[in-house]
Amino acid sequence: MTSSFFPPQRTLMGPGPSDVSPRVLGALSRPTIGHLDPLFVQLMDEIKGLLQYAFQTSNELTIPVSAPGSAGMEACFVNLVSPGDTVIVCQNGVFGGRMKENVERCGATAIMVEDDWGQPVSVDKVEATFAAHPEASTLAFVHAETSTGARSDVAALCALAKANNALSIVDTVTSLGGIELKVDEWGADAVYSGTQKCLSCIPGISPVTFSPAAVERIQNREHKVQSWFLDMQLVMGYWGPNAKRAYHHTAPVNDLYALHESLVMLQEEGLENAHARHLRNHKALVAGLEAMGLSMAVAEEHRLPQLNAVNIPDGVNDAEVRSALLQDFNLEIGAGLGALAGKTWRIGLMGHASSERNVLACLTALEAVLGRQGAATTTGAALPAAKAQLKG
């Protein structure tokens, strides 16, 4: 007979999911009510307002899609991209490639702007691509590339889209709550994220926000959205401002309790304080890693504080290190993806996992495991360097 499942207590310092706050886990266990219950409708309104704060937007169409971040991505593409459109897609890691796949499944043409993995999206290349393709109606790019730990310039890229009468689709799955993101000020049109990264929440929900210009394009579509479930014209009837909500789907009630709690926590801490915490812990981790003799894979000016790509030392077995960290220390870090597979580790400091305790625990565990492998690292230097940075 199959028994109940009781997972061990891991410390999640990979690319996501990240550690979930006990407050969020507590909210998840509250009594389930109906998804059309007046009290739940009230909660939906609060979630919308809290998401508007997190995204720094007044967009009316700001909602949590009842599915993971990949569904948020698809929701943006299937609603804004029609057959025959031309879309400029920026790729500097794995997730730009997924954007291309979405464009093509919409029956549109993807014009690729490619940059080396670990580099930000080149604004100059995008500008030149718009000049070569004035028919492009949409620009798509990743703000915080989870596969590499590199950050791109949202404000500059969205300004280019506007200057060329195009809408922008922006992936903020790893950036929301971790680094500065100003949707309205930067002029982003369709923005999607995930709950399992810097929001300290469980996986399975995708916050999205659409500008008035994006909503206008959705409402003026000549082709039906290819996904019934993700059709924003239908979803707006459930999440719209009308208190008499139209039934669209059974919302994941308890998951939305969890999201609400995580957003309340973000509001209590304050966005600027949350960003400062992620940066402070990042600097301490980098100080410790470099004192140990390791190097970072992304230039300092482009690094994400919440997702740290670390070069794997020569002669070190990537999989064995990650396995030992998990088995001996209950600590998860991430492997490199795509072009960086076997070359980097990805160490997350996201949301609830971004803490001084986790920084010091990770450095201690990594030093011990690398020592066993005979890596050419400096023993005993990581913790003093990290602590000095934290005090500084």
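Keep in mind the model is a prediction, meaning the values are calculated, not measured. (Residues numbered from 1 in each chain as written. Predicted model: local features only at pLDDT ≥ 70, side-chain atom pairs only at ≥ 80, totals over all residues. Heavy atoms only, no water.)

**Describing the overall build of the protein**
Rule in force here: Each helix corresponds to a stretch of at least 4 residues labelled H or I by DSSP, and each strand to a stretch of at least 2 residues labelled E; elements are numbered beginning at the N terminus. Radius of gyration here is computed from C-alpha atoms only, and the compact-globule reference equals 2.2 Å multiplied by the residue count raised to the power 0.38. Burial classes follow relative accessibility: with a 1.4 Å probe on protein chains only, a residue under 20% of its type's maximum area counts as buried, one over 50% as exposed, and anything between as partly exposed.
Scanning the protein from terminus to terminus reveals 14 helices and 14 strands. Relative to the globule expectation of 21 Å for 392 residues, the C-alpha radius of gyration of the protein, 21 Å, shows essentially globular dimensions. Taking the principal axes of the C-alpha coordinates as reference, the protein spans close to 65 × 55 × 50 Å. Counting only residues that meet the buried cut, the protein has 57% of its 392 residues in that class.

**Remarks on the sheet that holds strand β11 (residues 307-311)**
Test applied: The rule for pairing is simple: two strands pair if DSSP sees at least two bridges between them.
Taken together, the three strands give an open sheet; going across it, the order is β11-β14-β13, and neighbouring strands pair in antiparallel fashion. Looking at the sheet topology across the chains shown, the edges are occupied by β11 and β13 (334-335). The pairing of β13 with strand β14 (residues 344-348) spans two bridges and is antiparallel. The residue of β14 that forms the bridge with alanine 335 is tryptophan 345.

**Describing the side chain of arginine 346**
Rules: For this count, His and the chain ends are skipped, Lys and Arg are scored as positive, and Asp and Glu as negative. The salt bridge criterion pairs a side-chain nitrogen of Lys or Arg with a carboxyl oxygen of Asp or Glu, the two atoms within 4 Å. Definition of a polar contact: a pair of N or O atoms within 3.5 Å, with one able to donate and the other able to accept a hydrogen when the atoms are protein atoms, and with sequence-neighbouring residues admitted only if both atoms are side-chain atoms. By the convention used here, residues are in contact when the closest approach between their heavy atoms is within 4.5 Å.
With respect to the element layout, arginine 346 can be found in strand β14. No salt bridge is formed by the buried arginine 346; its nearest oppositely charged neighbour, glutamate 145, is found at 6.8 Å. One polar contact links the side chain of arginine 346 to the main-chain carbonyl oxygen of threonine 146, over a distance of 3.0 Å. Looking at arginine 346, its side chain comes within polar contact range of the main-chain oxygen of alanine 335, at 2.7 Å. Other than its neighbours up to four places away in sequence, arginine 346 contacts Met13, Gly14, Pro15, Thr146, Ser147, Leu307, Asn308, Ile333, Gly334, Ala335, Gly336 and Leu337.

**Some details on helix α6 (residues 154-163)**
Threshold: Here, the arc refers to the directions that run from the helix axis to the C-beta atoms.
Those residues of α6 that sit buried are Val154, Leu157, Cys158, Leu160 and Ala161. Buried residues of α6 fall within an arc of 155° about the axis and therefore sit on the same side. Of the surrounding elements, those touching the buried residues of α6 are α5 (123-132), β5 (138-142), β8 (167-171) and α7 (183-186). Looking at where α6 begins, the residue whose side-chain oxygen comes 3.3 Å from the main-chain nitrogen of alanine 155 is aspartate 153. Looking at the residues trailing α6, positive phi occurs at asparagine 165, about 55°.

**Details of the pairing of strand β2 (residues 61-65)**
Burial runs high along β2: five of the five residues are buried. Residues Leu61, Ile63 and Val65 point to one face of β2 and Thr62 and Pro64 to the other, with burial holding for every one of them. Examined bridge by bridge, β2 and strand β10 (residues 206-210) share five bridges and lie antiparallel to one another. Paired with isoleucine 63 across the strands is valine 208, a residue of β10.

**Digging into the sheet that holds β8**
Put simply, the test is: Between N-to-C directions, angles span 0 to 180 degrees; the directions come from axes that are lines fitted to C-alpha atoms, helices contributing only their stretch in contact.
On the basis of which strands lie adjacent, the open sheet formed by seven strands has the order β2-β10-β9-β8-β5-β3-β4 and mixed pairing. Two strands bound the open sheet, and with one partner strand each, they are β2 and β4 (109-114). Averaged over neighbouring strand pairs, the angle between their axes works out to 15° when direction is ignored. Inspection of the sheet shows β8 paired to strand β9 (residues 190-192) by three bridges, in the parallel sense. The residue bridging valine 170 from the neighbouring strand is valine 191, located in β9.

**Looking at the nonpolar core**
Heads up, the condition is: Within this scheme, the nonpolar core is defined by two criteria: the residues are buried Ala, Val, Leu, Ile, Met, Phe, Trp, Tyr or Cys, and they are joined through side-chain atoms within 4.5 Å.
The biggest cluster of nonpolar side chains holds 88 residues, and the ones touching the most others in it are Phe40, Phe77, Val126, Leu139, Ile169, Phe210 and Met232. If one sorts the elements of this core by residue count, helix α10 (residues 253-269) sits on top with nine residues. Setting aside anything within four residues of it in sequence, one finds phenylalanine 210 in contact with Asn59, Leu61, Ala75, Cys76, Leu80, Asp189, Ala190, Val215, Ile218 and Met232. One finds Val310, Val316, Leu349 and Leu370 within the second-largest nonpolar core, a separate group that totals 30 residues.

**Focus: the side chain of serine 168**
Here serine 168 shows up in strand β8. Judged by relative accessible area, which is 0%, serine 168 ranks as buried. A polar contact is formed between the side chain of serine 168 and the backbone nitrogen of aspartate 189, at a distance of 3.1 Å. With residues near it in sequence (within four places) discarded, serine 168 still touches Leu139, Cys158, Ala161, Gly187, Ala188, Asp189 and Ala190.

**Some words on the packing of aromatic side chains**
Convention followed: Ring pairs shown here join Phe, Tyr and Trp side chains whose ring centres sit within 6.5 Å, with only the six-membered ring taken for Trp; geometry is labelled stacked below 30 degrees between planes, edge-to-face above 60, and tilted in between.
Using the criterion set out here, one finds one aromatic pair in the structure. Where tyrosine 238 meets tryptophan 239, the ring centres are 6.1 Å apart and the plane angle is 70°; that geometry is what we call edge-to-face. There is no split in this pair, since tyrosine 238 and tryptophan 239 are both buried.

**Focus on the pairing of strand β3 (residues 86-91)**
In regular strands, side chains alternate between the two faces of the sheet. How we decide: Every crossover in which the path from the first strand over the helix to the second runs clockwise, viewed with the strands pointing away from the viewer, is termed right-handed.
Buried residues dominate β3, accounting for six of its six residues. The side-chain alternation of β3 yields two buried faces, one formed by Thr86, Ile88 and Cys90 and the other by Val87, Val89 and Gln91. When β3 meets β4, the two strands line up parallel, connected through six bridges. Its bridge partner lying in β4, glutamine 91 is registered against glutamate 114. Handedness of the crossover is the feature at issue here: the chain leaves β3, passes through helix α4 (residues 94-105), returns alongside β4, and the resulting connection is right-handed. Bridge count for β3 against β5 is three bridges, and the pairing is parallel. Note on β5: the bridge partner recorded for valine 87 is threonine 138.

**Re the pattern of salt bridges**
Charged atoms that come close allow side chains of opposite charge to pair. Scanning the model with the defined rule gives 13 salt bridges in all. Where arginine 23 meets glutamate 268, a salt bridge forms, and the shortest distance between an N and an O atom there is 2.9 Å. Residue arginine 23 is located in helix α1 (residues 22-28), and its partner glutamate 268 is located in helix α10; the two are separated by 245 residues in the primary sequence. Residue arginine 23 is classed as partly exposed on the basis of its relative accessible area of 35%. With relative accessibility at 54%, the residue glutamate 268 sits in the exposed group. The partner of glutamate 60 in a salt bridge is lysine 48, and the shortest N-O contact between them spans 3.1 Å. Residue glutamate 60 is located in the loop between α2 (38-55) and β2, and its partner lysine 48 is located in helix α2; the two are separated by 12 residues in the primary sequence.

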